[in-house]
Amino acid sequence: MKVFFPEVKEPIRYEGPDSKNPLAFKHYQANRKILGKTMAEHLRFAVCYWHTFKGLGSDMFGAPTMVRRYNASGDPMRIAEDTMHAAFEFFTKLGVRFWCFHDRDIAPEADTLAETNRRLDQIVKIAKRLQRETGVRLLWGTTNAFSHPRFMAGAATNPSPHVFAYAAAQVKKAMEITHELRGQGYVFWGGREGYDTLLHTDMRRETEHLARFLHMAVEHRRQIGFRGQLHIEPKPKEPTKHQFDFDAQSVHAFLIRHRLDGDFKLNIEANHATLAGHTFNHELEYAVAHGILGSIDANRGDPLLGWDTDQFPTDLYDTTLAMLAVLRGGGLKTGGLNFDAKLRRQSIDPVDLFHAHIGGMDAFARGLKIAAKILRSGKFEKFKSKRYAEWDTPFGRKIERGQVTFEDLERHTLAHGEPRQQSGRQEMLENMLNEFIR
Ligand code: XLS
Ligand code: CA
Ligand code: CA
């Protein structure tokens, strides 16, 4: 068997916080139990195919910088096969139990849809065998309906019904292979579903088409007996100036408006949250509060850059607050933490892929440990419930139950005068959080 990552000989091990070995986990201990579940069950880490194996460091200004052994052959299908073997070698050495892919990541597109699908089948067969041999499972599959020039004006929101049909055929196939690989979910990220100018865009019509498309996807899922969870991944901009799936709250409204809310959950990405002017924590809390958190794309942006830098997560505040939201929401069920993150262009060695993922896994493992401690202490929950305590009095309850009118409230205010004020204690709470994180 060919070895694609000879620089890492053994599977990465847990060596504890004092270890100085850069190729060891300091916090991620797969089988350690926290709040009744193992860390692996809580975190459900996944590696993404596109950045990790297909990304080679090119950017708008420059060529690829990274050389990978699995790209050595001149034949595109041979490369696809070698990449799949390399991917499973990587998953196994790293110790992650899930992976994610776009259809076009795993097999190159051919001249016709029929030939493209045949190529997909050929590679899926290999993936299926490797999944069986390694026990690594598919977290979710998705479609790349944004790179090919035919999708320059969107896929499901394209002004041409023929492009809409092409995208539908592509999603149909991608959903079928996801089902074949027993994927736990399927993601819709609105690649170019948005606009660059409203001067040529019929927003109403395009969003209605998007809803129609998603209804057909729901119907196809039922028809083929695919039980995986469907997700929408919000993103406010990039590549278009305005993406229709802007953020968690606007996607939620769209789903309700089109009666799709029973069929979809959200895949929340950290970097997309910050692009929308929110925090990662905000998007997660919104999704948890409304029972629509499905899965997570774990990465981060750079606060000084205004675009989707997709860096590996290292910020302990982010991972702690994220895991706090996840735990409060009852944990990730069919979802996971997918590293939708890429190496910086100068990190050219294959071993950098290991450093990046180890760092991200440790950052979330630490976040999980801290979040569990915070929850066990009950400190923040206690503060919150005290803050809202007056809503638990007979007066507050009556309002919540819809048993009073504006007239009643006017009478109450005339009788009681100025309401009592209480401090929000933000600084004290921030200090408290720091004590947990240290
Ligand atoms: C792009 C998205 C994309 C989705 C999957 O910004 O993050 O990679 O996760 O299509
Ligand atoms: Ca993503
Ligand atoms: Ca991204």
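Just above sits the structure.
Below, the structure is looked at part by part.

## Some details on helix H11 (residues 316-328)
So, step 1. An ideal rise of 1.5 Å per residue puts 18 Å on 13 residues; H11 measures up with 18 Å between its terminal C-alpha atoms.
So, step 2. Every buried residue belonging to H11 is among Leu 316, Thr 319, Thr 320, Ala 322, Met 323, Leu 324, Ala 325, Val 326 and Leu 327, and all of these are buried.
So, step 3. Turning to H11, the residues buried within the fold contact helix H1 (39-43), helix H10 (280-289), strand S13 (293-297), strand S14 (337-339), helix H12 (350-377) and helix H16 (426-437).
So, step 4. Measuring from the backbone nitrogen of Tyr 317 back to the side-chain oxygen at the start of H11 gives 2.8 Å, which picks out Asp 315 as the cap.
So, step 5. Gly 330 occupies a position one or two residues after H11 and carries a positive phi of about 90°.

## A word on the nonpolar core
So, step 1. In this structure, Leu 43, Met 84, Phe 91, Trp 99, Ile 106, Phe 188 and Phe 364 are the most contacted members of the largest nonpolar core, which totals 117 residues.
So, step 2. Tallying contributions element by element places H12 first for this core, with twelve residues.
So, step 3. Each residue touching Phe 188, except ones within four places of it in the same chain, is listed here: Val 171, Met 175, Phe 213, Leu 214, Ala 217, Leu 230, His 231, Ile 232, Glu 233 and Phe 264.

## With respect to the site of ligand 1
So, step 1. Every residue close to ligand 1 is listed here: Trp 50, His 102, Trp 189, Glu 233, Lys 235, Glu 269, His 272, Asp 297, Asp 308 and Asp 340.
So, step 2. Contacts to ligand 1 include Trp 50, whose side-chain N or O atom sits 3.3 Å from an oxygen atom.
So, step 3. Coverage of ligand 1 by the protein chains reaches 94% of its 290 Å² of free accessible surface.
So, step 4. For the shell around ligand 1, the residue count by class is two nonpolar, two polar and six charged.

## What about the pattern of salt bridges?
It is possible for side chains of opposite charge to pair when their charged atoms get near one another.
So, step 1. Scanning all chains against the criterion turns up 24 salt bridges.
So, step 2. Salt-bridge contacts for Lys 93 lead to Glu 89; the nearest nitrogen and oxygen are separated by 2.9 Å. Of this pair, Lys 93 and Glu 89 both sit in helix H3 (residues 76-94), four residues apart, which is roughly one turn of that helix.
So, step 3. By relative accessible area, Glu 89 is classed as buried at 11%.
So, step 4. Across the pair Asp 408 and Arg 411 runs a salt bridge, and its minimum N-O distance is 3.4 Å. Within this pair, Asp 408 and its partner Arg 411 are both found in helix H15 (residues 406-416), separated by three residues, close to a single helical turn.
So, step 5. With relative accessibility at 25%, the residue Asp 408 sits in the partly exposed group.
So, step 6. Judged by its relative accessible area of 52%, Arg 411 falls in the exposed class.
So, step 7. Linked by salt bridges that have partners in common, Asp 103, Arg 104, Glu 109 and Arg 150 make up one network.

Parameters at a glance
- Residues numbered from 1 in each chain as written.
- Chains lettered and ligands numbered in written order.
- Predicted model: local features only at pLDDT ≥ 70, side-chain atom pairs only at ≥ 80, totals over all residues.
- Heavy atoms only, no water.
- Helix = DSSP H or I, 4+ residues; strand = E, 2+ residues; numbered from the N terminus.
- Expected span 1.5 Å × (residues − 1).
- Buried < 20%, exposed > 50% of the residue type's maximum accessible area, 1.4 Å probe, protein only.
- Contact = heavy atoms within 4.5 Å.
- Polar contact = N/O pair within 3.5 Å; in protein donor to acceptor, adjacent residues only side chain to side chain.
- Core = buried A, V, L, I, M, F, W, Y, C linked by side-chain atoms within 4.5 Å.
- Near = heavy atom within 4 Å.
- Areas by Shrake-Rupley, 256 points an atom, 1.4 Å probe, with all protein chains shown as cover.
- Nonpolar A, V, L, I, M, F, W, Y, C, P; charged D, E, K, R; others polar.
- Salt bridge = Lys/Arg side-chain N within 4 Å of Asp/Glu carboxyl O.

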